[in-house]
Amino acid sequence: MPGSSPRADVMSGRMEPNIADSTPPQRAASAENSAETARKSVSPMVLVVDAEPLVCWSVAEVLGERGYEVTEAHDSASAMRAFAHHADVVLLDVSSPDSGDLHMLTAMHRLSPNTPVILMTAYNSPDLLDEARRLGAFTVIDKPFEMNELAPIVDAYRARRP
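Scoring rules and cut-offs
- Along every chain, residues carry numbers that run from 1 in the direction the sequence is written.
- Local features in a predicted model are, by the rule used here, given only for residues with pLDDT of at least 70; side-chain atom pairs are given and counted only at 80 or more, and totals for whole chains, interfaces and linings are based on all residues.
- Each side-chain value is worked out from all heavy atoms of the structure, with water and hydrogens disregarded.
- We define a salt bridge as a side-chain nitrogen of Lys or Arg found within 4 Å of a carboxyl oxygen belonging to Asp or Glu.
- To qualify as a helix, a DSSP run of H or I must reach at least 4 residues; to qualify as a strand, a run of E must reach at least 2; elements of each kind are numbered from the N terminus.
- Classification of residues uses two cut-offs on accessible area relative to the type maximum, computed with a 1.4 Å probe and protein chains only: under 20% is buried, over 50% is exposed, and between them is partly exposed.
- Paired rings are identified among Phe, Tyr and Trp, the last through its six-membered ring, by centres lying within 6.5 Å, and are further divided according to the angle between planes into stacked (under 30 degrees), edge-to-face (over 60) and tilted (the rest).
- For our purposes a nonpolar core is just a set of buried Ala, Val, Leu, Ile, Met, Phe, Trp, Tyr and Cys residues, chained together by side-chain atoms within 4.5 Å.
- Whether two residues are in contact is decided by their heavy atoms: any pair within 4.5 Å suffices.
- In this scheme, strands are said to pair when DSSP sees at least two bridges between them.
- Think of it like this: strands point away, you trace from the first strand over the helix to the second, and a clockwise trace means the crossover is right-handed.

### Here we look at the pattern of salt bridges
Right, so step 1: Applying the stated criterion to the full structure yields four salt bridges.
Right, so step 2: Arg 66 serves as the salt-bridge partner of Asp 155, at 2.1 Å between the closest nitrogen and oxygen. You can see Asp 155 sitting in helix H6 (residues 147-160) and its partner Arg 66 sitting in the loop between helix H2 (53-65) and strand E3 (69-73), a full 89 residues away along the chain.
Right, so step 3: Judged by its relative accessible area of 24%, Asp 155 falls in the partly exposed class.
Right, so step 4: Arg 66 sits in the partly exposed class, given a relative accessible area of 46%.
Right, so step 5: As a salt-bridge pair, Asp 93 and Lys 143 come within 3.4 Å of each other at their nearest N and O atoms. Pair noted here: Asp 93 is in strand E4 (residues 89-93) and Lys 143 is in the loop between strand E6 (139-142) and H6, with a separation of 50 residues, a long-range link.
Right, so step 6: Through salt bridges with shared partners, a single ionic network connects Asp 50, Asp 93 and Lys 143.

Next comes the structure, spelled out in structure tokens:
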């Protein structure tokens, strides 16, 4: 859908500045500083995993307005490909058809234990909450949720990332 929010498709990745080995020594420091500045200026990336495209689009619109780059994934294979590229925060729908309940959470936590994973579910229970936290989820939010409440949650968990 058209919109002005920054989004990436699942196969896109971030390009790091290429500092050639042949850079003269006096210019190497300024090139390294430029590379560091470029990395810092890149928008934080949120991966949204939900089988419902409208949910992904809505989240992307809200978070895009806050300066986040949002990557959408509608199945576990595309989610894991996108996660392998990089994510500062993940919003993961527990009930995605091929997610295997909490198996995707477990896989993401093994690959990057410091990446905040926020579960979204319409079927929350105390058992799910306990299991999700044990497996590495930072929190669980109930669906439906108010979109204006989502950005502060993402901001808070992104700030916790080392």
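### Some thoughts on the packing of aromatic side chains
Right, so step 1: Evaluated as defined, the whole model comprises one aromatic pair.
Right, so step 2: Ring geometry for Phe 138 and Tyr 157: centres 5.7 Å apart, planes at 85°, overall edge-to-face. Here Tyr 157 lies in helix H6 and Phe 138 lies in the loop between helix H5 (126-134) and E6, a separation of 19 residues in the sequence.

### Structural notes on the nonpolar core
Right, so step 1: Leu 47, Val 49, Val 90, Leu 92, Leu 105, Met 108 and Leu 119 are the most contacted members of the largest nonpolar core, which has 22 residues in total.
Right, so step 2: Broken down by secondary-structure element, the contributors of at least two residues to this core are strand E2 (45-49), helix H3 (76-85), E4, helix H4 (103-111), strand E5 (117-121) and H5.
Right, so step 3: For Val 90, the contacting residues outside a window of four places in its chain are Leu 47, Phe 83, Met 108, Thr 115, Pro 116, Val 117 and Ile 118.
Right, so step 4: Counting 19 residues, the second largest nonpolar core, distinct from the first, contains Leu 91, Phe 145, Ala 151 and Tyr 157.

### Focus on the pairing of E2
Right, so step 1: Burial analysis of E2 places five of its five residues in the buried class, which makes it a mostly covered element.
Right, so step 2: Of the two faces of E2, the one holding Met 45, Leu 47 and Val 49 and the one holding Val 46 and Val 48 are both buried throughout.
Right, so step 3: As paired elements, E2 and E3 share five bridges and run parallel to each other. Among the inter-strand pairings, Val 48 is bridged to a residue of E3, identified as Glu 72.
Right, so step 4: Taking the sense of rotation as the criterion, the β-α-β connection linking E2, H2 and E3 turns out right-handed.
Right, so step 5: Direction of pairing for E2 relative to E4: parallel, over a ladder of four bridges. Pairing of Leu 47 across the sheet is with Val 90, part of E4.

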